[in-house]
Amino acid sequence: MADRIDLSLKINGADHSVSVHPFARLLDVLREELRLTGTKEGCGEGECGACSVLLNGRVVNSCLVPAVQAQGAEVVTVEGLAEGENLSSLQAAFLVHNGAQCGFCTPGMLVSATDLIHRCPNPSDDEIRDGLAGNLCRCTGYAKILDAVHTAAEREAAR
Ligand code: FES
Ligand code: FES
């Protein structure tokens, strides 16, 4: 087997060519090859959600996804959520509600909550808890995160 394989990846709307180990994880390619270090590694086992990204519009744990699987797909990381120079409604709401403390879970939370609001524009508390069930936070107790998601959903609905 070759030591390296060439991949063409579309990340946050931009095309990238990388040469990586055949078994490289998407998480490592994002962080180490492309320096998109917003995506975090927590458990490395698919349990914490810190590494969440969107792959063709679906939330995945990038620690479990072989980079080769992202060939030809659209990948969105936390760096791709802002609207140009402006924070997304969700990012702004996290700031206002202090939805981040240490911030380690925050990129994954933002990715999952962005997906949730797209799928479910006016989520209830239970729907938010369900939508973020794969994202663990050791700091906030989740209440501020729920508040931030509600605020962002309301802002999106009012647009
Ligand atoms: S680092 Fe991927 S789920 Fe925890
Ligand atoms: S803010 Fe620290 S883990 Fe969530």
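Residues numbered from 1 in each chain as written. Chains lettered and ligands numbered in written order. Predicted model: local features only at pLDDT ≥ 70, side-chain atom pairs only at ≥ 80, totals over all residues. Heavy atoms only, no water.

1. Some details on the overall build of the chain
Next, step 1: When helices and strands are tallied, the chain shows 5 helices and 5 strands.
Next, step 2: Listing the helices and strands of the chain from first to last along the sequence gives β-β-α-β-β-β-α-α-α-α.
Next, step 3: A fraction of 52% describes how many contacts in the chain between residues 6 or more apart in sequence connect residues 24 or more apart.
Next, step 4: Put simply, the chain shows about 8400 Å² of open surface, and 48% of that area lies on carbon and sulfur atoms.
Next, step 5: Measuring between centres, the 13 positive side-chain charges of the chain sit 3 Å from its 21 negative side-chain charges. (Helix = DSSP H or I, 4+ residues; strand = E, 2+ residues; numbered from the N terminus. Contact = heavy atoms within 4.5 Å. Areas by Shrake-Rupley, 256 points an atom, 1.4 Å probe, with all protein chains shown as cover. Lys, Arg positive; Asp, Glu negative; His and termini not counted. Charge placed at Lys NZ, Arg CZ, Asp CG, Glu CD.)

2. Points about helix α2 (residues 89–96)
Next, step 1: Among the residues of α2, Ser 89, Leu 90, Gln 91, Ala 93 and Phe 94 are the ones counted as buried.
Next, step 2: In this fold, the buried residues of α2 make contact with α3 (106–119) and α5 (143–158).
Next, step 3: Just downstream of α2, Asn 98 is the residue with a positive phi angle, here 55 degrees. (Buried < 20%, exposed > 50% of the residue type's maximum accessible area, 1.4 Å probe, protein only.)

3. A word on α3
Next, step 1: The end-to-end C-alpha distance of α3, which contains 14 residues, comes to 20 Å, matching closely the 20 Å that a straight helix rising 1.5 Å per residue would cover.
Next, step 2: Every buried residue belonging to α3 is among Thr 106, Pro 107, Gly 108, Met 109, Leu 110, Val 111, Ser 112, Ala 113, Thr 114, Asp 115, Leu 116 and Ile 117, and all of these are buried. (Expected span 1.5 Å × (residues − 1).)

4. Notes on the nonpolar core
Next, step 1: Of all hydrophobic cores here, the largest spans 23 residues; its most connected members are Leu 90, Phe 94, Met 109, Leu 132, Ile 145 and Val 149.
Next, step 2: Counting residues per element, the ones that place at least two in this core are α2, α3 and α5.
Next, step 3: With residues near it in sequence (within four places) discarded, Leu 90 still touches Leu 110, Ala 113, Thr 114, Ile 117, Ala 148, Val 149 and Ala 152.
Next, step 4: Membership of the second largest hydrophobic core comes to 19 residues, among which are Leu 7, Val 20, Leu 55 and Val 60. (Core = buried A, V, L, I, M, F, W, Y, C linked by side-chain atoms within 4.5 Å.)

5. Observations concerning the pattern of salt bridges
Next, step 1: Here the structure, examined in full by the defined rule, presents 7 salt bridges.
Next, step 2: Ionic pairing is found between Glu 83 and Arg 159, a salt bridge with its closest N-O pair at 3.1 Å. Separated by 76 residues along the polypeptide, Glu 83 in the loop between β5 (74–76) and α2 and Arg 159 in the segment after α5 bring together distant segments of the chain.
Next, step 3: Measuring nitrogen to oxygen at the nearest pair gives 2.9 Å for the salt bridge that ties Asp 115 to Arg 119. With Asp 115 and Arg 119 both in helix α3, this residue pair falls 4 residues apart, about one helical turn. (Salt bridge = Lys/Arg side-chain N within 4 Å of Asp/Glu carboxyl O.)

6. Some points on the sheet that holds β5
Next, step 1: Read across the sheet, 5 strands follow the order β2-β1-β5-β3-β4 without closing on themselves; strand pairing throughout is mixed. Looking along the sheet, the strands with just one partner apiece sit at the ends: β2 (14–20) and β4 (58–61). Neighbour to neighbour, the strand axes of the sheet diverge by 40 degrees on average, direction disregarded.
Next, step 2: Relative to β4, strand β3 (residues 52–55) is paired through 4 bridges, and the arrangement is antiparallel. For Leu 54, the partnering residue across the bridge sits in β4 and is Val 59. (Pairing = 2+ DSSP bridges. Axes fitted to C-alpha atoms, helices over the stretch in contact; angles between N-to-C directions.)

7. Regarding the side chain of Gln 91
Next, step 1: Along the polypeptide, Gln 91 turns up in helix α2.
Next, step 2: Contact partners of Gln 91, with chain neighbours within four places excluded, come to Val 78, Leu 81, Ala 82 and Leu 110.

8. So, the packing of α2 against α3
Next, step 1: At a minimum axis distance of 10 Å, the contact between α2 and α3 shows a crossing angle of 125 degrees. With respect to each other, α2 and α3 are oriented oblique. Note on packing geometry: the crossing formed by α2 with α3 is right-handed. Residue-level inspection shows Leu 90, Gln 91 and Phe 94 of α2 in contact with α3, the latter providing Thr 106, Met 109, Leu 110, Ala 113, Thr 114 and Ile 117.
Next, step 2: Among the residues making up the contact of α2 with α3, the classes are represented as 6 nonpolar, 3 polar and no charged. (Parallel < 35°, antiparallel > 145°, perpendicular 65-115°, else oblique. Left-handed = near helix turned anticlockwise from the far one by under 90°. Nonpolar A, V, L, I, M, F, W, Y, C, P; charged D, E, K, R; others polar.)

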